[in-house]
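Coordinate analysis (summary)
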Amino acid sequence: AQSVSQHNHHVILSEAASLELGCNYSYGGTVNLFWYVQYPGQHLQLLLKYFSGDPLVKGIKGFEAEFIKSKFSFNLRKPSVQWSDTAEYFCAVIRPGRRALTFGSGTRLQVQP
Amino acid sequence: EAGVTQFPSHSVIEKGQTVTLRCDPISGHDNLYWYRRVMGKEIKFLLHFVKESKQDESGMPNNRFLAERTGGTYSTLKVQPAELEDSGVYFCASSTRQGKNIQYFGAGTRLSVL
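Residues numbered from 1 in each chain as written. Chains lettered and ligands numbered in written order. Predicted model: local features only at pLDDT ≥ 70, side-chain atom pairs only at ≥ 80, totals over all residues. Heavy atoms only, no water.

Moving on: the packing of aromatic side chains. As enumerated under the stated definition, the model contains 15 aromatic pairs over all chains in all. Here F63 of chain A and Y89 of chain A contribute two aromatic rings whose centre-to-centre distance is 5.6 Å and whose plane-to-plane angle is 45 degrees, an arrangement assigned as tilted. Of this pair, F63 of chain A sits in the loop between β7 (56–58) and β8 (64–68) while Y89 of chain A sits in strand β10 (residues 87–94), placing them 26 residues apart in sequence. On the basis of relative accessibility, which here comes to 1%, the residue F63 of chain A falls in the buried class. By relative accessible area, Y89 of chain A is classed as buried at 0%. Of the aromatic side chains, those joined through ring pairs into one cluster are F34, Y36, F51, F90 and F103 of chain A together with Y33, Y35, F45, F91 and F105 of chain B. Over the ring of Y74 of chain B we find R22 of chain B, and its NZ or CZ is 3.8 Å from the ring centre. (Phe/Tyr/Trp six-rings, centres within 6.5 Å; stacked < 30°, edge-to-face > 60°. Helix = DSSP H or I, 4+ residues; strand = E, 2+ residues; numbered from the N terminus. Buried < 20%, exposed > 50% of the residue type's maximum accessible area, 1.4 Å probe, protein only. Lys NZ or Arg CZ within 6 Å of the ring centre and 35° of its normal.)

If you want it as structure tokens, here you go:
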């Protein structure tokens, strides 16, 4: 069974629409959570991260994510997407006692102008 | 400050040949990771170096893959002999040893085995 699940594989939105991408993980204990983004032709970039503290984290380019421990979730949100947000988005987790990232399968977002 | 750089960006080889991928981490980053994404699948961990030492190689698929990091600077990942199923994008990432483990990625090497 996949340990990090991203529910949407391909999402198509119009500009100004709101975005929410789901991410669930299946590890107990303390985890570190990340969202990475890969724009077409570019390298993976860190969008935002959660280590501890306020479960609502803000990242670059107006993105935010909420860590809900009881639901093992770390969903990514943006209130109004732009055409330039077209990219592939990856949720990732560092499990307790490990240093490597465990990735979800990725969500390809296509924003239509 | 230069980011993580990977060479080559794309490699096309025939089954049975040897290919060597290179990764130059961010200067001063002791941790270096290799990951791989095969077509349609998730990005998967291959191995982790701390300086020149292999800390975790639990993700290496088989003994056709050999990773080195002599001197604790750049790293190479050799595939010998390459098989069709080795095709994919190989990513390298690095992070500092202290503090939070925030990994910075290179652009990846796309390997096509024909």
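This next bit is on the interface of chain B and chain A. Each partner contributes to the interface: chain B provides 21 residues, whereas chain A provides 19 residues. Together chain B and chain A conceal approximately 1,700 Å² of surface at their shared face, both sides included; 58% is due to carbon and sulfur atoms. Per-residue buried area on chain B facing chain A is highest for I43, N101 and F105 of chain B; these three make up 32% of the total on that side. On inspection of chain B and its partner chain A, the count reaches two salt bridges. Salt-bridge contacts for R37 of chain B lead to E88 of chain A; the nearest nitrogen and oxygen are separated by 2.9 Å. Between chain B and chain A we count eight residue pairs in polar contact (both at pLDDT 80 or more) in total. A total of four residues in the side of chain B that touches chain A trace back to one element, the largest contributor, which is strand β4 (residues 31–37) of chain B. Tallied by class, the residues present in the side of chain B that touches chain A amount to eight nonpolar, eight polar and five charged. (Contact = heavy atoms within 4.5 Å. Buried area = accessible area lost by both parts, 1.4 Å probe. Salt bridge = Lys/Arg side-chain N within 4 Å of Asp/Glu carboxyl O. Polar contact = N/O pair within 3.5 Å; in protein donor to acceptor, adjacent residues only side chain to side chain. Nonpolar A, V, L, I, M, F, W, Y, C, P; charged D, E, K, R; others polar.)

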